[in-house]
Amino acid sequence: GAVRARLAEAGIRVLAPRVDGDDVFDGVDLRGPLALALGSEAGGLSDAWRDPAVVAVRLPMYGAADSLNVSVAAAVLLYEARRQRGAPARGSRNAGGPAS
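Below, the structure is looked at part by part. The shown structure was predicted, so the numbers you read here are calculated from the model rather than taken from an experiment. (Residues numbered from 1 in each chain as written. Predicted model: local features only at pLDDT ≥ 70, side-chain atom pairs only at ≥ 80, totals over all residues. Heavy atoms only, no water.)

**A look at the overall build of the chain**
Check the secondary structure of the chain and you find two helices and four strands. Along the chain, helices and strands appear, N-terminal first, in the series α-β-β-β-β-α. Here the analysis covers contacts within the chain between residues at least 6 apart in sequence; of these, 64% occur between residues at least 24 apart. When the accessible surface of the chain is totalled, it reaches about 6,800 Å², and 54% of it is carbon and sulfur. (Helix = DSSP H or I, 4+ residues; strand = E, 2+ residues; numbered from the N terminus. Contact = heavy atoms within 4.5 Å. Areas by Shrake-Rupley, 256 points an atom, 1.4 Å probe, with all protein chains shown as cover.)

Quick look at the structure:
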């Protein structure tokens, strides 16, 4: 609760991937100050993170899988946030890799 309160004071939205999330992750605005709350694959997030102020999103999966590895979920969400924020073109100085 204290962490959530501190984030709210700082104007930082909290997003949590959950199986029961209302919205699919790529339909949510991930621009601006944002904190990701991630739980373990086995236990997920504690009930302290089931708060109306926490944006719960789904990462759709097909087939028999019912959850993603926490590092995979984080990577998908970070990639989408970067995409929404306008990732620099490949080969630009800010792309993070060598120029093509």
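**Brief notes about the nonpolar core**
Formed by Leu15, Phe25, Val28, Leu30, Val57, Leu59, Ala73, Leu77 and Ala81, the largest nonpolar core amounts to nine residues. Sequence-distant contacts of alanine 73, defined by excluding residues within four places in its chain, comprise Leu59 and Leu68. (Core = buried A, V, L, I, M, F, W, Y, C linked by side-chain atoms within 4.5 Å. Buried < 20%, exposed > 50% of the residue type's maximum accessible area, 1.4 Å probe, protein only.)

**Comments concerning the environment of asparagine 69**
Mapped onto the elements, asparagine 69 comes out in the loop between strand S4 (54-58) and helix H2 (70-84). Counting along the chain gives 28 residues from asparagine 69 to glutamate 41, while the straight-line C-alpha distance between them is 5.9 Å. A distance of 2.4 Å separates a polar atom in the side chain of asparagine 69 from a polar atom in the side chain of serine 71. (Polar contact = N/O pair within 3.5 Å; in protein donor to acceptor, adjacent residues only side chain to side chain.)

**A short note on the pairing of strand S1 (residues 13-17)**
It is a general feature of regular strands that their side chains alternate between the two faces of the sheet. Relative to strand S3 (residues 34-36), S1 runs parallel, the two being bridged by three bridges. Residue pairing for S3: arginine 13 is matched across the bridge by leucine 34. The pairing of S1 with S4 spans four bridges and is parallel. The partner of proline 17 across the bridge, within S4, is valine 57. (Pairing = 2+ DSSP bridges.)

**Points about the pairing of S4**
Bridge analysis of strand S2 (residues 23-24) against S4 gives two bridges, and the strand direction is parallel. Looking at S4, one finds that valine 24 is bridged to arginine 58.

**Thoughts on H2**
For H2, which comprises 15 residues, the first-to-last C-alpha distance of 21 Å matches the rise-based estimate of 21 Å (1.5 Å per residue) to within 8%. By the burial criterion, the buried members of H2 are Ala73, Ala74, Leu77, Glu80, Ala81 and Gln84. Each buried residue of H2 lies within a common arc of 135° when the element is viewed along its axis, so the set occupies one face. Residues Leu78 and Tyr79 are exposed on H2 and point more than 90 degrees away from its buried face. Turning to H2, the residues buried within the fold contact S1, S3 and S4. One or two steps after H2, the chain reaches glycine 86, where phi turns positive at roughly 85°. (Expected span 1.5 Å × (residues − 1). Arc of directions from axis to C-beta.)

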